[in-house]
Amino acid sequence: MRALLIPCLVSAGLAVAASAAAAQTVKITPLGSHEGEFCRYDRAMVLEDPNGTRVLYDAGRTVRGPKDPRLGNIDAVLLSHAHGDHLGDRHQPSAGAGTCASPDFSVLVVPVSNTVLITVEKKAKLVVGAEMASFFAKKVAAAGGEASQVQLARYGGMRDVGGVKIYSVPAVHSNGLNPAFLEGAYAEALKEAGLTAYLGPPGGYVLEFTNGLTVYLSGDTGHTAEQDAVVRRRFGAELVVMNIGGIFTTGPVEAAFVINELVKPKAVIASHANEEATSGGKLKPGTNTAAFTEATSVPVYVPLSGRTMEFDGAGSCTAGCS
Ligand SMILES: [Zn+2]
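Because the structure is a prediction, the values reported are computed rather than measured.

**Q** Where do I start with the overall build of the chain in this structure?
**A** Within the chain one finds eight helices and 19 strands. Taking the contacts inside the chain whose residues are at least 6 apart along the sequence as the reference set, 65% of them involve residues at least 24 apart. When the accessible surface of the chain is summed, it comes to about 13,200 Å², and 56% of that surface belongs to carbon and sulfur atoms. Within the chain, one finds 27 positive and 30 negative side-chain charges whose respective centroids are separated by 4 Å.

Listed below in structure tokens is the structure:
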């Protein structure tokens, strides 16, 4: 009797612990160019685990340098690929500078980059794939950090930062480095020829949080078979942050196909819409974001800058979603 009772009590205890963990929330805060809006170049988000670990995804141009007070502590910086609007060739001088449709990004930070400056200031890990680790290790060291802050995770690989598991998954896009991030004769020769430097393929990420929530960060991508085979079948991502802008990535209808037919999450946050998607915090009709929302069969949340959304372990939004 007792032999039976103890395993029952242990499994009941584990079930209670698992449900308590699932009730805790991951906090996701977009760091865009204009408070309370979703604007043309908005990409950056901070994802915070219930244990306090904070992950910055694609700093881009809207994080106003490493001293931006919205950053707080950052434990891991993610960079899906090295294009200037993700790596950060320049940034906004102050909150709300310029317009939502055309933000002011007049602070140049090449050749170092916004991403590297933030990594150094925060003493964070910078988790990158492809051929990017050796390049960024030199960049981070030259900017006053430690080369060991840069951690490689190629497709299928994983890095654990503060209990958050960060997996690397493929993206179908490009990853050429603009010679503005380089110096010397080599940079001049590339610029003259209209070429970029090779850094290997771009990527996306799957994050597993300690409350059980699994989030797919698409990066810039078209359709990929791995969205079905890996992101859904292997990881079962409940929440997706999906790039929807078109031309450079899947547009709103194609991105909706990815959500409805390939990944099949519980909910999605739109990203990288390349437009003034909201006015007064309300979604504007006729936008890519509105078209994506209409074509998608699960709840679509608009990432309003500075507005924190909270998700439980099952991918349900419990606070802050619009
Ligand atoms: Zn890109």
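**Q** Teacher, can you tell me more about the pairing of strand β14 (residues 267-271) here?
**A** Every other side chain in a regular strand lies on the same face of the sheet, so the side chains alternate between the two faces. With five of five residues buried, β14 is to be regarded as a mostly interior element. Taken together, the five bridges between strand β13 (residues 239-243) and β14 define a ladder with parallel strand orientation. Pairing of Met242 across the sheet is with Ala270, part of β14. Each parallel crossover has a hand, and for β13 linked through helix α7 (residues 252-263) to β14 it is right-handed. Bridge count between β14 and strand β17 (residues 300-301): two bridges; the pairing is parallel. Along β17, the bridge assignment pairs Ile269 with Tyr301.

**Q** Please clarify how the sheet that holds β13 should be interpreted in this entry.
**A** Strand pairing in a sheet relies on backbone hydrogen bonds, with the paired strands running either antiparallel or parallel. Pairing is mixed in the open sheet, where seven strands are placed in the order β9-β10-β11-β12-β13-β14-β17. Looking at which strands have only one partner, the edges of the open sheet turn out to be β9 (158-161) and β17. One ladder, built from six bridges, connects strand β10 (residues 164-170) with strand β11 (residues 203-208); its direction is antiparallel. Looking at the pairing, Lys165 lines up with Glu208 of β11. Contacts between α7 and the sheet are confined to β12 (214-217), β13 and β14, with β13 contributing the most and set at about 150 degrees to the helix. The sheet contacts of helix α8 (residues 288-295) involve β13, β14 and β17, and relative to β14 the element is tilted by about 165 degrees.

**Q** Honestly, the sheet that holds strand β19 (residues 317-319) in this entry has me stumped. Any pointers?
**A** Ordered by their spatial adjacency, eight strands build an open sheet running β8-β7-β4-β3-β2-β1-β18-β19, and the pairing between neighbours is mixed. Unpaired on one side and paired on the other, β8 (150-152) and β19 mark the two borders of the sheet. In this sheet, adjacent strand axes meet at a mean angle of 25 degrees when their direction is disregarded. The pairing of strand β2 (residues 45-48) with strand β3 (residues 54-57) spans four bridges and is classified as antiparallel. Bridge assignment links Val46 to a residue of β3, and that residue is Leu56. Sheet strands touched by helix α4 (residues 132-142): β7 (125-128) and β8. Its angle to β8, the strand with the most contacts, is close to 175 degrees.

**Q** Please explain the coordination of the zinc ion as it appears in this structure.
**A** Where a metal carries four tetrahedral donors, each ideal angle is 109.5 degrees; where it carries six octahedral donors, the ideal angles are 90 or 180 degrees. Surrounding the zinc ion are the protein donor atoms His81 (NE2), His83 (ND1), His173 (NE2) and Asp220 (OD), which sit 2.1 to 2.4 Å from the metal. One chain supplies every donor for the zinc ion, spaced along it as H-x1-H-x89-H-x46-D. Within this pair, whereas His81 is found in the loop between β4 (76-78) and α2 (84-87), its partner His173 is found in the loop between β10 and α5 (184-193), the two being separated by 92 residues in sequence.

**Q** So what exactly am I meant to see when it comes to the pairing of β11 here?
**A** Most of β11 sits inside the fold, with six of its six residues counted as buried. Sheet analysis places β11 next to β12, joined by four bridges and oriented antiparallel. Looking at the pairing, Tyr205 lines up with Leu217 of β12. In textbook terms, the turn of a hairpin is the stretch between consecutive antiparallel strands, and for β11 and β12 this stretch comprises five residues, one of which, Gly212, has a positive phi near 95 degrees.

**Q** I would appreciate a short explanation of the state of the cysteines in the present structure.
**A** Working definition: the covalent bond between the sulfur atoms of two cysteines is a disulfide. Inspection of every chain in the model, using the stated rule, returns two disulfides. One disulfide bridge connects Cys317 with Cys321, the sulfur atoms lying 1.9 Å from each other. With the S-S bond torsion at 100 degrees, the cross-link from Cys317 to Cys321 turns out right-handed. The partly exposed category is assigned to Cys321, whose relative accessible area is 27%. Of note for the chain: the bonded cysteines, numbered N- to C-terminal, pair according to 1-2, 3-4.

About the thresholds
- Residues numbered from 1 in each chain as written.
- Predicted model: local features only at pLDDT ≥ 70, side-chain atom pairs only at ≥ 80, totals over all residues.
- Heavy atoms only, no water.
- Helix = DSSP H or I, 4+ residues; strand = E, 2+ residues; numbered from the N terminus.
- Contact = heavy atoms within 4.5 Å.
- Areas by Shrake-Rupley, 256 points an atom, 1.4 Å probe, with all protein chains shown as cover.
- Lys, Arg positive; Asp, Glu negative; His and termini not counted.
- Charge placed at Lys NZ, Arg CZ, Asp CG, Glu CD.
- Buried < 20%, exposed > 50% of the residue type's maximum accessible area, 1.4 Å probe, protein only.
- Pairing = 2+ DSSP bridges.
- Right-handed = clockwise from strand over helix to strand, strands pointing away.
- Axes fitted to C-alpha atoms, helices over the stretch in contact; angles between N-to-C directions.
- Donors = N, O, S within 2.8 Å, 3.2 Å for Na, K, Ca; no water.
- Disulfide = S-S within 2.5 Å.

By themselves these figures say nothing about function.
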